[in-house]
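# Understanding the architecture of this molecule
Here is what each chain is made of, one letter per residue.
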2 protein chains.
Amino acid sequence: MKKAAELFNDFITKKNLRMTPQRALILDIFLKKQGHISAEELYDLVKKRDPSIGQATVYRMLKLLSESGIARAVEFGDGVARYESHIGREHHDHLICTECNKEVEVVDEDIEKLQERLARKHGFKLTGHKMYLYGICRQCQRKKGG
Amino acid sequence: MKKAAELFNDFITKKNLRMTPQRALILDIFLKKQGHISAEELYDLVKKRDPSIGQATVYRMLKLLSESGIARAVEFGDGVARYESHIGREHHDHLICTECNKEVEVVDEDIEKLQERLARKHGFKLTGHKMYLYGICRQCQRKKGG
DNA sequence: CTCTATAATGATTATCATTTTCATATTATA
DNA sequence: TATAATATGAAAATGATAATCATTATAGAG
């Protein structure tokens, strides 16, 4: 938690921006929330603690969090941007059940290595990736079978 | 080309929908366009051939194309949905240069196998995936270096 | 071929997430 | 504190997509 707050302060300073109570509160709430969160969900949480904060501020803050590398966007293809904390968390990809929308965070070192290799083969220097695996989870397979 | 048109006809029939000149034209243009295309880009192309076609029809058609398995959505995270032909084309993933937005279609059989394995490990039956690799292409690396 | 029920069309409006605007308030600093 | 720049919140604007609805076109029955 502390590390992220420091990182954000560094970012703010470097960019000649300013720390404000609103930003501090939004950062705090964002970091405490695990998993992914949309701007609106975050706004709802923020409002509970300070109803005077506007949602434009939340949107603006999410942009700053992304730029600073503290948050990163996760696309689910439903037209809503979601963000997750990118600091103090392991990198992971997403395994999603297309029946019940359950989501599991996964990592596979071998895949990561092959991604590097694949990019290099095409002359690219890999800087990041997003991988979404879609399938049917155990429970939903049972449901369908029964 | 022919195969996709037949597939769409089968889909249309099975769903008790109807083939129309508009749908035929949009399908034709969609199939001829390689790479990915947004609803608006497709609409612009369609308008050139028949200015009377409305964009609602294009949106509706893209939905049908997705449902029928002829098109599939590609997310680029810029808030615009793009589609690409999914028939008569090899499956592929995307390698994108974050500097110049150049995009290369890639496939790696080893990665595909590991994805299967990873999903299975979590009890999922894999039905599909999306993988986006982000990096800096050769030219842009040079540019930065020079 | 004609009739008929139903689906498709296109123009328009609505929706929903996100961004911008702008007047006001707050901040860091001199 | 005074000042210049940035941040805020409310509201309006935007942009992509979806829904509405009156009209038109289609497939199949006869």
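Residues numbered from 1 in each chain as written. Chains lettered and ligands numbered in written order. Predicted model: local features only at pLDDT ≥ 70, side-chain atom pairs only at ≥ 80, totals over all residues. Heavy atoms only, no water.

On to the protein's contact with DNA strand C, then. In the vicinity of DNA strand C there are 23 residues, among which Arg18, Thr20, Arg23, Thr57 and Arg60 of chain B approach most closely. Backbone atoms, meaning sugar and phosphate, form 71% of the atoms of DNA strand C found within 4 Å of the protein. Measuring from a phosphate oxygen of DNA strand C, one finds a backbone N or O atom of Ala81 of chain A at 2.8 Å. The side chain of Gln22 of chain B places a nitrogen or oxygen atom 3.2 Å from a sugar or linking oxygen of DNA strand C. Of all the secondary structure elements, the ones that give two or more residues to the surface near DNA strand C are α3 (39–49) and α4 (55–67) of chain A together with α2 (21–32) and α4 (55–67) of chain B. (Near = heavy atom within 4 Å. Polar contact = N/O pair within 3.5 Å; in protein donor to acceptor, adjacent residues only side chain to side chain. Helix = DSSP H or I, 4+ residues; strand = E, 2+ residues; numbered from the N terminus.)

On the side of chain A, 35 residues touch chain B, which itself brings 35 residues to the contact. When the two sides are added together, the surface that chain B and chain A hide from each other amounts to roughly 3200 Å², 66% of it contributed by carbon and sulfur. Counting the surface chain B buries against chain A, the share from its top three residues, Leu118, Phe124 and Tyr134 of chain B, is 20%. Applying the counting rule to chain B against chain A returns four salt bridges. (Contact = heavy atoms within 4.5 Å. Buried area = accessible area lost by both parts, 1.4 Å probe. Salt bridge = Lys/Arg side-chain N within 4 Å of Asp/Glu carboxyl O.)

A few words now on the relation of the copies chain B and chain A. After a rotation of 179° and a shift along the axis of 0.0 Å, chain B superposes on chain A with an RMSD of 0.2 Å. Those values place the two copies in the arrangement expected of a two-fold rotation axis. Relative to the rotation axis, the C-alpha of Met131 of chain B is the closest in chain B, positioned 2.2 Å from it. The share of interface residues of chain B whose copies in chain A are also at the interface is 100%, consistent with both copies meeting through the same surface. (Least-squares fit on C-alpha atoms with pLDDT ≥ 70 in both.)

With that settled, consider the pairing of strand β4 (residues 93–97) of chain B. Residue and element names in this part refer to chain B. Counted residue by residue, β4 has five buried out of five residues, so it is predominantly covered. With burial as the criterion, each face of β4 is covered, one bearing Asp93, Leu95 and Cys97 and the other bearing His94 and Ile96. Between β4 and strand β5 (residues 103–106), which follow one another and run antiparallel, lie five residues, and Asn101 among them has a positive phi close to 65°. As defined by bridge partners, β4 adjoins strand β6 (residues 125–136) across four bridges and the pair is classed as parallel. (Buried < 20%, exposed > 50% of the residue type's maximum accessible area, 1.4 Å probe, protein only. Pairing = 2+ DSSP bridges.)

Residues and elements named next belong to chain B. Helix α3 (residues 39–49) packs onto α2 with a crossing angle of 120° between their chain directions and a minimal axis gap of 10 Å. When the axis of α2 is compared with that of α3, the two are oblique. For α2 against α3, the interelement crossing comes out right-handed. Where α2 approaches α3, its residues Leu25, Ile26, Asp28, Ile29, Phe30 and Lys32 are matched on the opposing element by Leu42, Leu45, Val46 and Arg49. Its residues assigned to classes, the contact of α2 with α3 comprises seven nonpolar, no polar and three charged. (Axes fitted to C-alpha atoms, helices over the stretch in contact; angles between N-to-C directions. Parallel < 35°, antiparallel > 145°, perpendicular 65-115°, else oblique. Left-handed = near helix turned anticlockwise from the far one by under 90°. Nonpolar A, V, L, I, M, F, W, Y, C, P; charged D, E, K, R; others polar.)

Attention shifts here to the pairing of strand β3 (residues 81–85) of chain B. Residues and elements named next belong to chain B. The buried fraction of β3 is high, at four of five residues. Bridge count between strand β2 (residues 71–75) and β3: five bridges; the pairing is antiparallel. Pairing of Val74 across the sheet is with Arg82, part of β3. In sequence, β2 turns back onto β3 through a hairpin of five residues, with Gly77 there showing a positive phi of about 75°.

This part is about the sheet that holds β2 of chain B. Residues and elements named next belong to chain B. Sheet architecture is open: three strands sit in the order β1-β3-β2, paired in antiparallel fashion. For this open sheet the edge positions go to β1 (36–38) and β2, each flanked by a neighbour on one side alone. Going across the sheet, the axis of each strand differs from the next one's by a mean of 40°, ignoring polarity. In the sheet, β1 pairs with β3 via three bridges, with the strands oriented antiparallel. Along β3, the bridge assignment pairs Ile37 with Tyr83.

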